[in-house]
Amino acid sequence: IAEAEADVARKEAAVRAAEVDLDLTKVRAPFAGIVIGIELEPGEVVSLFDVRSGVEIADESALWVRVDVPENRLDGLEVGDHAQVIAQALGSERLTARVVEIAPKADRQSNTVEVAVAIDDPPPLLRPDMSARVEITVAGGSE
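Residues numbered from 1 in each chain as written. Predicted model: local features only at pLDDT ≥ 70, side-chain atom pairs only at ≥ 80, totals over all residues. Heavy atoms only, no water.

A few words now on unusual backbone geometry. Despite not being glycine, asparagine 111 shows a phi value in the positive range, around 55 degrees. Here asparagine 111 is to be found in the loop between strand 5 (95–107) and strand 6 (112–119). The class of asparagine 111 is partly exposed, set by a relative accessible area of 43%. In this structure, aspartate 129 takes a positive phi of about 70 degrees despite not being glycine. Relative to the elements of secondary structure, aspartate 129 occurs in the loop between strand 6 and strand 7 (132–137). The class for aspartate 129 is exposed, based on a relative accessible area of 77%. (Helix = DSSP H or I, 4+ residues; strand = E, 2+ residues; numbered from the N terminus. Buried < 20%, exposed > 50% of the residue type's maximum accessible area, 1.4 Å probe, protein only.)

Read across the sheet, five strands follow the order 3-6-5-4-7 without closing on themselves; strand pairing throughout is antiparallel. Of all strands in the sheet, those with a lone pairing partner are strand 3 (64–70) and strand 7, marking the two edges. Strand after strand, the sheet turns through a mean of 40 degrees between neighbouring axes, direction not considered. Relative to strand 5, strand 4 (residues 82–87) runs antiparallel, the two being bridged by four bridges. Looking at the pairing, glutamine 84 lines up with threonine 96 of strand 5. (Pairing = 2+ DSSP bridges. Axes fitted to C-alpha atoms, helices over the stretch in contact; angles between N-to-C directions.)

Okay, here's the thing in structure tokens:
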């Protein structure tokens, strides 16, 4: 009986180890979203701490539009400024948005600075990488 109990204990330990190994094969995101791209081959190792994991996930609850703003139009532009987004998929509908990020560095070739605008309540039809136009109202009132 003791030998059979020891055998059961070994097999239970092996099952627990297999469950741990299986759990390590799952890819988890830091937010709820949808997978929009996978650039992995079967058997490829994905690091827990590598931001270039080969899996691209979109957070549909927080859609941003990144726009290149010419340097000569930056005067007065601040994080928090109001904006409107006109997505081609929605026709002429204007979505309310706000400036959430202004890049700390300009692009020397295009003489622009990347500005991120978050859409306040994105409709379900919007998807990552869709085309859109952005109108930003700077604190001074100009666009």
